[in-house]
Amino acid sequence: MNTEIVKIVGSTEGGESRFSETELSSLRRAAAIIRTGGLVVFPTETVYGLGGDATNPDAAQKIYAAKGRPSDNPLIIHIEKPEDAEKYAYTTELYYKLAECFMPGPLTVVLKARESVPEKTRGGLETVAVRCPINPIARALIGFSNVAIAAPSANLSGSPSPTKASHVIDDMLGRVDMIIDGGECDFGLESTIVKIDDDGSLCLLRPGKITVDELSSIAKVRLADAVTDKLRDGEKALSPGMKYRHYAPTSPLVLLDGSIEDCLDYIEKTGQSSIAILCYSEDMNALSERLPMATLYELGESEDELSHAHALFDVLRTADKQNVDIIYAPLPRRSGIGLALYNRMIRAAAHTIINLRR
Ligand code: TXA
Ligand code: MG
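Residues numbered from 1 in each chain as written. Chains lettered and ligands numbered in written order. Predicted model: local features only at pLDDT ≥ 70, side-chain atom pairs only at ≥ 80, totals over all residues. Heavy atoms only, no water.

A. How the structure looks around the layout of surface pockets. Empty space within the second largest pocket amounts to approximately 440 Å³. As for the second largest pocket, its lining consists of 26 residues, of which Gly258, Tyr280, Ser302, Pro330 and Leu331 are closest to the centre. Where the lining of the second largest pocket is concerned, the elements lending two or more residues are β15 (253–257), α7 (260–270), β16 (275–280), α9 (305–321) and β18 (326–330). By residue number, the principal contributor to the lining of the second largest pocket is β16, which donates 4 residues. Its residues assigned to classes, the lining of the second largest pocket comprises 15 nonpolar, 4 polar and 7 charged. (1 Å grid on protein atoms, 1.4 Å probe; cavity = no way out; pocket = protein on both sides within 12 Å on 5 of 7 lines; lining within 4 Å. Points joined across faces, edges and corners; volume = space filled by probe spheres on them. Helix = DSSP H or I, 4+ residues; strand = E, 2+ residues; numbered from the N terminus. Nonpolar A, V, L, I, M, F, W, Y, C, P; charged D, E, K, R; others polar.)

Following this line, the structure appears as structure tokens:
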């Protein structure tokens, strides 16, 4: 398949997004592709999405095929305005409270699905995950398409989600009709996903930029076990994606839980030489002095979790291309945005954590 790549930059004027005539015509062409059952990769504020018409089962099938994703793993549908959810799902009062606080933005809400969403898009579930992105390119594309866009992250199944157009090109060239290059994704990790439970509380299925503390100001929040723990054999995942190995680099990733000194001692003792280390800016000097053979990848200052989120998938992809024997990274904390980093990193590491705390 021939993949057209278009670049869209856009601009803002008085808080409104503006696109050039050329950009608008690219967006209209992209929307026409969606409406006729084709696939378009587009940027969002979290990661790039691999989009198709959410009401077209053939488009859903093409998405699963392009990603190499099992078709029992449902797709998030992207809408232009929170109230558009009415066309695809049964909303609740709590949905609108969440929408008022966090939409448009990086929050996905699981609701009971309407018939308009085909079973293929829902991965056979009775529910559908709804998200209203804030990225202006994503919003314009959904608006021009005049239909919800089903979109998983635009990576090949099992590799880190794409946060730059170059990642998308690596994974999706020849597999989709169009790739919209909208630059780097702002946040860099996928959206927070919550399910509204029957008792009016929220179950957090996937942590993201919208934190548990923020959600707790609206409703009681419970964490699904798979957010921080390994699913036990035979245990049913509340979110089908949780049962698949995710974001997995080909070189094994090992998470170190301890001070920088303890980490240095530990890595030094292993005697390994083909290594990559994901590290905080303030530790770079000590690491390059003690472990000169290691390639270092900077995540940002240790306190700057937004920067870690922005860098993580890019750094994992780059480190992985280096074909080292092993990749080390610091274990993130489990609060705030740290919980999203923790969740992605324990999965990328297949839960390999070395405890160096004394
Ligand atoms: O930020 C994001 O959410 C990105 C961008 C493109 O919007 N999308 C994304 O989609 O991360 P995906 O498909 O890579 O991850 C969605 C996760 C999967 O683990 C899937 O199993 C889960 O959401 N999911 C989708 N529909 C669900 C549902 N009805 N109930 C529970 N989990 C659901
Ligand atoms: Mg994904």
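B. Local environment of the pairing of strand β12 (residues 192–196). Among the 5 residues in β12, 4 count as buried, and that is most of the element. Of the pairings in the sheet, the one linking strand β8 (residues 107–113) to β12 comprises 4 bridges and is parallel in character. Across the sheet, Val110 pairs through a bridge with Lys195, a residue of β12. As defined by bridge partners, β12 adjoins strand β13 (residues 202–206) across 4 bridges and the pair is classed as antiparallel. Following the sheet pairing, Val194 is matched in β13 by Leu204. Where β12 folds back onto β13 in an antiparallel hairpin, the turn is made up of 5 residues, including Gly200, whose phi is positive at roughly 85 degrees. (Buried < 20%, exposed > 50% of the residue type's maximum accessible area, 1.4 Å probe, protein only. Pairing = 2+ DSSP bridges.)

C. Representation of the side chain of Thr3 within the structure. Mapped onto the elements of the fold, Thr3 is located in the segment before β1 (4–7). A polar side-chain atom of Thr3 sits 2.7 Å from the main-chain amide nitrogen of Gly174. In this structure, Thr3 is in contact with Met172, Leu173, Gly174, Arg175, Val176, Asp177, Met178 and Ile179, ignoring residues within four places of it in sequence. (Polar contact = N/O pair within 3.5 Å; in protein donor to acceptor, adjacent residues only side chain to side chain. Contact = heavy atoms within 4.5 Å.)

D. Structural detail: unusual backbone geometry. Between Met103 and the following residue, Pro104, the backbone shows a cis peptide bond with an omega angle of -5 degrees. For Asn323, which is not a glycine, the phi torsion comes out positive at approximately 55 degrees. A positive phi angle, close to 65 degrees, is found at His351, a residue other than glycine. With respect to the helices, strands and loops of the structure, His351 is situated in the loop between α10 (338–348) and β19 (353–355). Here His351 falls in the partly exposed class, since its relative accessible area comes to 28%.

E. Region of the structure containing the packing of α9 against α10. Where α9 contacts α10, the axes come no closer than 10 Å and their chain directions differ by 20 degrees. By the criterion of interaxial angle, the relationship of α9 to α10 is roughly parallel. Between α9 and α10 lies a crossing of left-handed hand. Facing α9, whose interface residues are Glu305, His308, Ala309, Leu312, Phe313 and Leu316, α10 presents Gly338, Leu341, Arg344, Met345 and Ala348. (Axes fitted to C-alpha atoms, helices over the stretch in contact; angles between N-to-C directions. Parallel < 35°, antiparallel > 145°, perpendicular 65-115°, else oblique. Left-handed = near helix turned anticlockwise from the far one by under 90°.)

F. Up close: the nonpolar core. One finds Leu98, Leu141 and Ile180 to be the most contacted residues of the largest nonpolar core, which totals 76 residues. In terms of residue count, the dominant contributor to this core is helix α1 (residues 21–35) (6 residues). With residues up to four places along the chain from it excluded, the contact list for Leu141 reads Leu27, Ala30, Ala31, Ile34, Val40, Phe42, Ile149 and Ile180. Membership of the second largest hydrophobic core comes to 29 residues, among which are Val315, Val324, Ile327 and Leu341. (Core = buried A, V, L, I, M, F, W, Y, C linked by side-chain atoms within 4.5 Å.)

Any functional reading would require information beyond the geometric quantities listed.
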